[in-house]
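Here is what each chain is made of, one letter per residue.
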Amino acid sequence: MSRSRARVSSLTETTPVAIAALRNWDAIVIGTGMGGGLAGRRLAERGLAVLFVEKGPIGYRSEIQRFKDEPSDYAARQMLGFWPAPVEARIAGGRTTQFFAPLGSGVGGSSVFYAAALERPERHDLDNVDGFAHPTGGWPVSYDAFQPYLKQASELLSVRGEADPLSVESGPDLPAPPLKEAELKLFAELRQAGLHPYRAHEAMRRLPGCEECLGRKCPYPCKMDGRSAGVEPALQTGNATLVANCTVEELFETSGRISNLRVRVDGREHMLSATTIVLAAGALHSPRLLLGSQAVHREGCANSSGWVGRGLMFHLNELIAIWPKRGNPSAGATRCMSLRDFYTYRGNRLGLLQSMGVKADAGVIAAHLKRSTFLRAIGRFPGVGKLATMTALLAAKFFGNATVLVGLIEDLPRYDNRVSLHPNDPDSPLIEYQFSHELKRRRTVFRRVVRKKLGRFRTLLLNSRPELNFGHASGTLRFGTDPSASVLDADCQAHDLENLFVTDASFMPTSMGVNPSLMIAANALRVADIIAARHDIALRIAR
Amino acid sequence: MGGEKQPVALVTGSGPGLGRAMVHALARRGVLVAYMSSDSTNGESEPGLQITADVTNPQDVVRAVDEIHDRLGAPTILVNTAEVHPDRDILDETPTSFMATVALNLGGAFNCCHAVLPDMVEAGKGRIINVVTFADLAPAPMASGYSVSKGALRILTRSLVADLGDRFPGIVINDWIPGTHAPRRNIADGVEPSLAAEWGANLALMDAPEVSGMVFLRDCEYRPNVSLRHRLKDRLLGKSRALVRLGQISS
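This one's a predicted model, so the numbers in the text were calculated from it and none came from an experiment.

S.K.: Would you explain the environment of Ala85(A) in this entry?
M.R.: All names here are of chain A. Along the polypeptide, Ala-85 turns up in the loop between α3 (74-80) and β3 (87-91). Between the C-alpha atoms of Ala-85 and Phe-52, which are 33 residues apart in sequence, the distance is 21 Å. Setting aside chain neighbours within four positions, we find Ala-85 in contact with Tyr-74, Asp-427 and Ser-428.

What follows is the structure, encoded as structure tokens:
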């Protein structure tokens, strides 16, 4: 074979879809992000014949593509591994806008672009805790039941970092990499302010030559994500297969089971079948697929409760610029620090504060200033934008570069916040979202307490309006014990369908105060174990 | 991750002139050089590996790159120098003669890129230099095929950057206008090929991702005229920077 035509990807185990369509798989996994990748890996390691169906391309292992909003062209986005189609959203009752959510499409899904923040949730994120009632009465699976899977996920994803000094839970097994001088100063300053920073929990193997691929694809199996910790080890078992550039268009239901899925590759339709279907297309697209599968029920698959697509949550992002004390260097773009001093405050559920991999130079500060309410109000006067730029430039000259911290504020489920089917474009999820008064109130509390604790003079709250984190969608196929108020049961099996399971962020009934990836991974392993156990029993009966 | 290996360069169009001078300049810098031309007669006592191949023939090019791969290693540097410059009145061009010029000046460069890119993509790094001219901006009389094909080659450079730059920033791609005016004669200010080749060899060893997409004219980065307003703004925002130069000439 000519060397020029040598295969340049490590993922060579692809199967033409027509061949994949010839057999019944033990499990088809729809989507290869954190949820699909890890579920498929566990299933393949337990001996099931697994077919991964991925909408995006395999890509090349040496790519270091960074996530961007551009280009907008469908084919170009598909090539780069970005979700190719936009979403449409109506936020807070305003105009409907169309934009690209920060979603990946390709092996590893969005996780190949993530910042590898794998923080553990708190007990009260899931359970009713003394004096701190859970808003839903608690998840159907408790924190203690999740513990072994959180631990397994941490191991598979090589999570490293320090224990949170405010928590009784132990930290990751692997140590955090050494800090730079400026980062040490940041820790010292925060400790002086009476806070409790700890080394953020990250899913990186820190191999020699590690380039900290935050926000971009990692060319080595160093950053651990749905590809490097999911699909690639799954394919190495020999039990898994991948079809890429393959869009699932509809699920077909026959007597309480998903019998087939219709997929499209290169413009041609194919039908695939499996004993078990694992849906992991992400919390915006998994419900869209179910809602669009109307062959048997007009309201869509698995939707007897009417909750498919509802309960949509995003975290609120609060960006905070913090300048070092005079004489101290700026820590710049660093992901090294997390702290949970504001995780809850006087009975309010808030969330994690972490340093963000962004250096707040003049351009970043100016961009945020321009978006502020005041400047927007006077923005029609000429020169206001330039004024903001100049102000930011002067600030940078005086104070040096800031470090940007990002606070996550937990979102809670509302029936009316939802993903629904777009009337004209079946590819685009339609998002309807209102900020509840309750959420706005907690945001006010968060901003007040952050300003108070971090000091008024060296910090700047960068967003004046609440900012939704569209990369952290969850809740749209919530699990619960009541089939009339949830889509999935405690096993993340659809109440309505005996062979449909969900392993992406859709299952979460509340959004927690931390980045969702670790919980998605832990739940994927848990659900895969349930599926594998059933598979083992079925095999034994068959013998 | 992965040790530094000796670079391997493929220079096309290594007849007398710039191509041959590039072979020498690269070899002096410790690069393993292969040079490819359709003419096998004048190549003895040259450094490097001589390969006879027609760049307009994709199979020839693939075979040549396979041979380089086996004997020197995967090419890490490609310098597309091969070109023809027929002096021909457009009234005398035939569809065949016109497209033959395009097939060599543009198609030959594409064929070589196509053959070396899989290895560069796998490594996540590589170097491509397309030798071009400003002929596309103001085509000279009697040079339609040349001007069109070289102009298109500059677009190919930008297309390569558009498709590869984000995913593989380690593959560094440039246009270079050496100023030798070869093979055109009778132009007084042409640079000696041996001098231009020193700059070209330095450019070929410049592998910083920031350099990718820049156009080089002789020994210096070339930027089209920027308005005073933009220059002032860049200065204020601290974005202005010095032009990249191709450095001192080794003796």
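Let us keep going from here.
S.K.: It is not clear to me how the pairing of strand β2 (residues 32-37) of chain B should be interpreted in this structure. Could you clarify?
M.R.: For a regular strand, the rule is simple: side chains alternate between the two faces of the sheet. Residues and elements named next belong to chain B. Among the 6 residues that make up β2, 6 are buried, leaving the element largely enclosed by the rest of the structure. Burial along β2 is two-sided: the residues Leu-32, Ala-34 and Met-36 and Val-33, Tyr-35 and Ser-37 are all buried. Two elements, strand β1 (residues 8-12) and β2, share 5 bridges in a ladder whose sense is parallel. Within β2, the residue paired with Val-8 across the bridge is Leu-32. As judged from the 4 bridges shared by β2 and strand β3 (residues 49-52), these two strands associate in the parallel manner.

S.K.: Would you mind showing me how to read the interface of chain B and chain A here?
M.R.: Accessible area lost upon the coming together of the parts is a frequently used measure of interface size. Across the contact, 15 residues belong to chain B and 17 residues belong to chain A. Secondary-structure elements contributing two or more residues to the side of chain B that touches chain A are α2 (58-71) and α3 (95-123) of chain B. With 5 residues, α3(B) is the single largest residue contributor to the side of chain B that touches chain A. For the side of chain B that touches chain A, the per-class residue count stands at 9 nonpolar, 2 polar and 4 charged.

S.K.: Any chance you could explain the sheet that holds strand β4 (residues 96-99) of chain A here in plain terms?
M.R.: In a beta sheet, neighbouring strands pair by backbone hydrogen bonds and run either parallel or antiparallel. Residue and element names in this part refer to chain A. Strand order across the open sheet formed by 4 strands is β4-β3-β19-β18, with mixed pairing between neighbours. At either margin of the open sheet sits one strand with a lone partner, and together these are β4 and β18 (418-421). Averaged over all pairs of adjacent strands, the angle between their axes in this sheet comes to 30°, without regard to strand direction. Here β18 runs beside strand β19 (residues 429-433); their pairing, made up of 4 bridges, is antiparallel. Bridged to Leu-421 within β19 is Pro-429. Seen against the sheet, helix α8 (residues 285-292) touches β18 and β19 and runs at an angle of roughly 40° to β18.

S.K.: Looking at this model, I keep getting lost on the nonpolar core. Mind explaining?
M.R.: As a rule of thumb, nonpolar side chains are buried together in soluble globular proteins. Residues Ile28(A) and Val50(A) are the most contacted members of the largest nonpolar core, which totals 146 residues. Per-element tally for this core: the top contributor is helix α13 (residues 517-542) of chain A, with 11 residues. Of all hydrophobic cores here, the second largest spans 62 residues; its members include Leu153(B), Ile171(B), Leu203(B) and Leu246(B).

S.K.: Before we go on, may I ask you to explain the environment of Asn523(A) in this structure?
M.R.: All names here are of chain A. Locating Asn-523 in the fold gives a position in helix α13. Classification of Asn-523 as buried rests on a count of 28 C-beta atoms within 10 Å. Expressed as a C-alpha distance, the spacing of Asn-523 and Leu-439, which sit 84 residues apart in the sequence, is 26 Å. Aside from chain neighbours lying at most four places away, what touches Asn-523 is Cys-492, Thr-503 and Phe-507.

Rules of the game
- Residues numbered from 1 in each chain as written.
- Chains lettered and ligands numbered in written order.
- Predicted model: local features only at pLDDT ≥ 70, side-chain atom pairs only at ≥ 80, totals over all residues.
- Helix = DSSP H or I, 4+ residues; strand = E, 2+ residues; numbered from the N terminus.
- Contact = placed C-beta atoms within 7 Å.
- Buried ≥ 20, exposed ≤ 12 C-beta atoms within 10 Å, placed from the backbone.
- Pairing = 2+ DSSP bridges.
- Nonpolar A, V, L, I, M, F, W, Y, C, P; charged D, E, K, R; others polar.
- Axes fitted to C-alpha atoms, helices over the stretch in contact; angles between N-to-C directions.
- Core = buried A, V, L, I, M, F, W, Y, C linked by C-beta atoms within 7 Å.

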